[in-house]
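# Structure assessment
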Amino acid sequence: MSRLPLLHPNYRKDIDGLRAVAVLSVVIFHAFPDYLAGGFIGVDVFFVISGYLISTIILKNLDKDCFSFSEFYVRRINRIFPDLIVVLLFCYAFGWFALLSDEYMKLGKYIIGGAFFVSNFVLYYENGYFDDASELKPLLHLWSLGIEEQFYIFCPLILWAAFRKKFKILGVIILFCGLSFFWNIKTVHSNPLADFYFPQTRFWELLSGGLLAWITLYKPEFASYFKGRIGGNSASAFGCLLLLYGVFSLDRTIGFPGYYALIPVLSAVLIIFSGSDAWVNRHILSHKYAVWVGLISFPLYLWHWPLLSLARIIQGEAVPPGIRAGILGVAFLLAWLTYKFIERPLRFGGNQALKASLYGVAMLCVGILGYNVYSGEGIPDRLSNFNQKNKTILSQIVSPPKLLRNKQCEQYFSQYEGGLCVLKDDKAPDILLFGDSHALQYYTGLRDALPQKNIAMLGAGWTGDALNPLLGAYQPADAYYKIQKQIYDIIQSNNGISDIIISCYRNICVNDSFEKNMRNTLNVLLSAKKTVTFVFDVPDIPFYPKLCLDSRPFRLYSHVRKPCAFSTVDYAEESKSYKDRVYKVLADYPSVEVYDPSRFLCDDRLCYAIKAGKLLYRNGKSNSHLSDDGSAFISQSLSGLIGHQGL
């Protein structure tokens, strides 16, 4: 006997209207965050809606003993895969023609995460010192889809097992919902990024919808009592006001989700629970325009962020509001076309299982395409015939540095367990660079400027958080305390290391105890009879170096920064406090050399990112690092200080 199709909840126009509110909140927030600071909570509303609808389907069919895992997942695949495949393929094709190698390589990684619904984990584990800004990640928004799909894996299994074991379903839902919420509260301050991206800290939001589904199915008398005593209209109106409060009052700086996520979750629960007859639900959320936006909400969510992000990437700077508004118009058009010609025709009718199998194979192929781009480092040969004039310059900023632990380093510093270690030759080093990546950036230049010296670099920062080299910066319980201690042990036990060069990103090194830590450091190094050179951080260029090059196949509008420079006065004002604190300490240590790169990068008017036709910076707009050409340029003068040779 053939199995009956899965039972589904009755269609409610007002839920599509609530989808419209949720997606518009997210879309406006992404395009104009200053106008709707809390619009990101629309995602949490989606979580509640998904949890409610999916749990209703599962509970209804388990109760009637007609639940089928295969049919459940076939329907999920046919609902989600077609739209997502189209968007991922668009990003792949656009990136092929428009993105530089480093950008395309990262896009490949995001395509992998999106195709296999693990974007939330990809985004979490790539976070660190050199992580890109969120607007430079074209598939960032798929983190929420990953969490939903992970919920779709665990929720049916747990509820099915509970039914088989005759557990109290309400108790199971409350248990897992409570555990997830507790985990969320526990993690929001200790590891806020994990709290945002991990499924176990987000499932309570979907399970809140599941709890609502259980009440609606099994306690209709409670729903009637609630609406009779409290009033469906009052519940719906309060839920809407609560949601409006959230989208206009919350912002990204708060600890979220945490307790604040109760605002969108409770608002969505109240609006759905109040029923389709509540005044707001019937007249506003069920309005034909709201329903239309709700129907295209999924493709609109998929389209809007890649369009905004890719525009931001190819321009190299913030896109003007007028163009962002136009991009949203394009997103609505693509969402409607996707809904009309892809989602609706492909989702229904025909052999559902066969279609799901084909979509699964197609998604696997998309994931393989993403892997090929990522493993091929962005396939740089795509642009081999483009812009040959800037090819050498461009390679320095599109190819990430690969100076990590090498064999010489491992052989000579066998006791060192730190993350970043480079040694020129397999012999005792003469000079040690010590710090984070803002020290490492001088390695290639000094290596070439001082061929007779063996130069080593110890620290951390190129693959994770930055290491503060100053003594006292860490407590024994801190992760980098052991790394820092090992480096100082190496310095003190190796008499052959005559020169120590210290440098680090000033936002890392300069803190309340900076002067004390610096004195502690110099006392230890000088007592070990080392020659110490302190290198000021390089000027932080307030723009991206790629803006200085006509280095793209196309842009939305033409804009190449000329001159490739910024105000010396602005830099002097911004760095004054930092330099004053350094000079205050060094006044008591006359034997310590001090080197200021800005003397060679800046004149009376401007600080330059390009000199003699060479791009001196690898990146900018915070965390500026020198390119290999920049390292060579600075090291011409820096090398003169080594061994007190004078400048």
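Quick look at the structure, then. (Residues numbered from 1 in each chain as written. Predicted model: local features only at pLDDT ≥ 70, side-chain atom pairs only at ≥ 80, totals over all residues. Heavy atoms only, no water.)

## Comments concerning a nonpolar patch on the surface
There is a patch of nonpolar side chains on the surface, built from I153, F154, L157, I158, L175, F176 and L179 and spanning about 610 Å² of accessible area. Elements represented by at least two residues in the nonpolar patch include exactly α6 (142–164) and α7 (169–190). Ranked by residues supplied to the nonpolar patch, first place goes to α6 with four residues. What makes L179 partly exposed here is its relative accessible area of 46%. (Patch = residues over 30% accessible without salt bridge, like charges linked within 9 Å, V, L, I, M, F, W, Y side chains within 5 Å. Areas by Shrake-Rupley, 256 points an atom, 1.4 Å probe, with all protein chains shown as cover. Salt bridge = Lys/Arg side-chain N within 4 Å of Asp/Glu carboxyl O. Helix = DSSP H or I, 4+ residues; strand = E, 2+ residues; numbered from the N terminus. Buried < 20%, exposed > 50% of the residue type's maximum accessible area, 1.4 Å probe, protein only.)

## A look at the packing of aromatic side chains
In total, this model carries 38 aromatic pairs according to the counting rule given. Each ring, one from F69 and one from W160, has its centre 5.7 Å from the other, and the planes form 75°; the classification is edge-to-face. Taken together, the residues span a long stretch of sequence, with F69 in helix α3 (residues 69–98) and W160 in helix α6 at a distance of 91 residues. Residue W160 is classed as partly exposed on the basis of its relative accessible area, which comes to 33%. Residues Y92 and W96 carry aromatic rings whose centres are separated by 6.4 Å and whose planes lie at 40° to one another, so their mutual orientation is tilted. Of the two residues, Y92 and W96 are both situated in helix α3; the distance of four residues between them amounts to about one turn of the helix. By relative accessible area, W96 is classed as partly exposed at 32%. Sitting above the plane of the F341 ring, K340 keeps its charged end 5.7 Å from the centroid. Directly above the ring of F536 sits K579, whose terminal nitrogen or CZ lies 5.6 Å from the centroid. (Phe/Tyr/Trp six-rings, centres within 6.5 Å; stacked < 30°, edge-to-face > 60°. Lys NZ or Arg CZ within 6 Å of the ring centre and 35° of its normal.)

## Points about the environment of L358
Following the sequence through the fold, L358 ends up in helix α16 (residues 352–375). A residue is classified by how much of its surface remains accessible, and L358, at 54% relative accessible area, is exposed. Between the C-alpha atom of L358 and that of N78, which follows or precedes it by 280 residues, the distance is 9.8 Å.

## Focus: the sheet that holds strand β3 (residues 455–459)
Taking strand neighbours across the sheet as the criterion, the six strands line up as β1-β3-β2-β4-β5-β7 in an open arrangement whose pairing is mixed. Of all the strands in the sheet, just β1 (420–423) and β7 (593–595) have a single pairing partner and so form its edges. For this sheet the average axis-to-axis angle between neighbouring strands, irrespective of direction, equals 20°. Running over the sheet, helix α23 (residues 514–527) touches β4 (499–503) and β5 (531–535) and is turned about 150° from β5. (Pairing = 2+ DSSP bridges. Axes fitted to C-alpha atoms, helices over the stretch in contact; angles between N-to-C directions. Contact = heavy atoms within 4.5 Å.)

## Section: the pattern of salt bridges
For the structure on display, the rule yields 20 salt bridges. Salt-bridge contacts for K546 lead to E103; the nearest nitrogen and oxygen are separated by 2.9 Å. One end of the pair, K546, is in the loop between β5 and β6 (565–567); the other, E103, is in helix α4 (residues 101–115), and 443 residues separate them in sequence. With respect to class, K546 is no different from E103; both count as buried. The partner of K485 in a salt bridge is D489, with the nearest N and O atoms 3.2 Å apart. One end of the pair is K485 and the other is D489, both in helix α21 (residues 481–493) and four residues apart, which spans about a single turn.

## Some details on the packing of α3 against α16
It is the contact of α3 with α16, at a shortest axis distance of 9 Å, that shows an interaxial angle of 30°. Considering the angle they form, α3 stands roughly parallel to α16. In the packing of α3 onto α16, the handedness of the crossing is left-handed. Contacts between α3 and α16 involve V74, I77, N78, F81, P82, L84, I85, L88, L89 and Y92 from the first element and Q352, A353, K355, A356, Y359, G360, A362, M363, V366, L369 and V373 from the second. The class makeup of the residues in the contact of α3 with α16 is 17 nonpolar, three polar and one charged. (Parallel < 35°, antiparallel > 145°, perpendicular 65-115°, else oblique. Left-handed = near helix turned anticlockwise from the far one by under 90°. Nonpolar A, V, L, I, M, F, W, Y, C, P; charged D, E, K, R; others polar.)

## What to know about the state of the cysteines
Within the structure shown, the criterion is met by four disulfides. Across the disulfide, C504 is cross-linked to C509 (sulfur-sulfur distance 1.3 Å). The connectivity of the disulfides in the protein is 1-2, 3-4, 5-6, 7-8, where the numbers refer to bonded cysteines in sequence order. There is no disulfide at C365, and the cysteine sulfur nearest it, in C91, is 18 Å away. Taking relative accessible area as the criterion, C365 reaches 41% and is therefore assigned partly exposed. (Disulfide = S-S within 2.5 Å.)

## Section: unusual backbone geometry
Most peptide bonds take the trans configuration, and most residues that are not glycine carry a negative phi. F256 connects to P257 through a cis peptide bond whose omega is 10°. Within the fold, P257 resides in the loop between α10 (220–249) and α11 (262–273). For F117, which is not glycine, the phi dihedral falls at a positive 55°. As for its position among the elements, F117 is in the loop between α4 and α5 (119–126).

Function-wise, these values are silent; they only describe arrangement.
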